[in-house]
Amino acid sequence: MRRIVLAVAVLAIALAGCGGGNQPDTVSWRNIDIDVPDGWYVFEETPDRLSISNVDLAALTEAGEVPTGDVVAMFFTFEPATLPEDWRRLLARRDAEIETDDRVMVDGDIPATRIIFAHQSAGLPTREMVIMVPSRQVVVLSQPVPRDGQQDAGELFLEHLPTFLDVVQQADYGRPLLDE
């Protein structure tokens, strides 16, 4: 779980060295087939993490540029020990307001937990969503990537919430992997 928080906190650094311009229709990661939304990019893919965004963050980082406009991203991470209660405790420590905390099904019949929360990030109000899929040992974090001083990140999140949910719901989760 700490890896997720750290990855989010240092997004720009984490992007260094990632391949840019990769815009597939579907990407397979950890035996999960994920439909990448039209106009979105895969900007990071490792055995433990898959990151997608509506902006080609890898290409911008390689060019030394900072993204402009509205940027949102989704991070799929392999987190074998993370449980919903871990996230609830983390959010309580950060004084986040949990807006939604419910059980959902992904890929038709795979149980998951979804938490949508509001909090301050670098002093700015925002919202994020985390979905934990314990049977696949996967956590999906969906969030806006706010610019300096951006006050409407929470609304940006809500604008993209249907896309975030579609990506997670429409993924084909395949069989659980036996980890190396």
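Structure first, text after, so check above.
Asks: Run through the environment of leucine 178, naming residues and quoting values.
Replies: Note on placement: leucine 178 falls in the segment after α5 (153-170). Classification of leucine 178 by relative accessible area gives exposed; the value is 82%. For the pair leucine 178 and arginine 136, spaced 42 residues apart in sequence, the C-alpha separation works out to 9.7 Å.

Asks: Which residues make up unusual backbone geometry, and what are the values?
Replies: Phi is positive for asparagine 31, which is not a glycine, with a value near 70°. The topology assignment puts asparagine 31 in the loop between β1 (26-29) and β2 (32-35). According to the relative accessible area criterion, asparagine 31 is partly exposed, its value standing at 38%. At alanine 122, a position not held by glycine, the phi torsion is positive, near 55°.

Asks: An account of α5 is requested, with residue identities and associated values reported.
Replies: The first and last C-alpha atoms of α5 sit 25 Å apart over 18 residues, in line with the 26 Å expected at 1.5 Å per residue. Of all the bends found along α5, the most pronounced is centred on histidine 160 and spans about 50°, while proline 162, a proline, follows it within four residues. Buried within α5 we find Ala153, Gly154, Leu156, Phe157, His160, Leu161, Phe164, Leu165, Val167 and Val168.

What counts, and at which threshold
Residues numbered from 1 in each chain as written. Predicted model: local features only at pLDDT ≥ 70, side-chain atom pairs only at ≥ 80, totals over all residues. Heavy atoms only, no water. Helix = DSSP H or I, 4+ residues; strand = E, 2+ residues; numbered from the N terminus. Buried < 20%, exposed > 50% of the residue type's maximum accessible area, 1.4 Å probe, protein only. Expected span 1.5 Å × (residues − 1). Bend = angle between axes of the 7 residues up to and from the residue.

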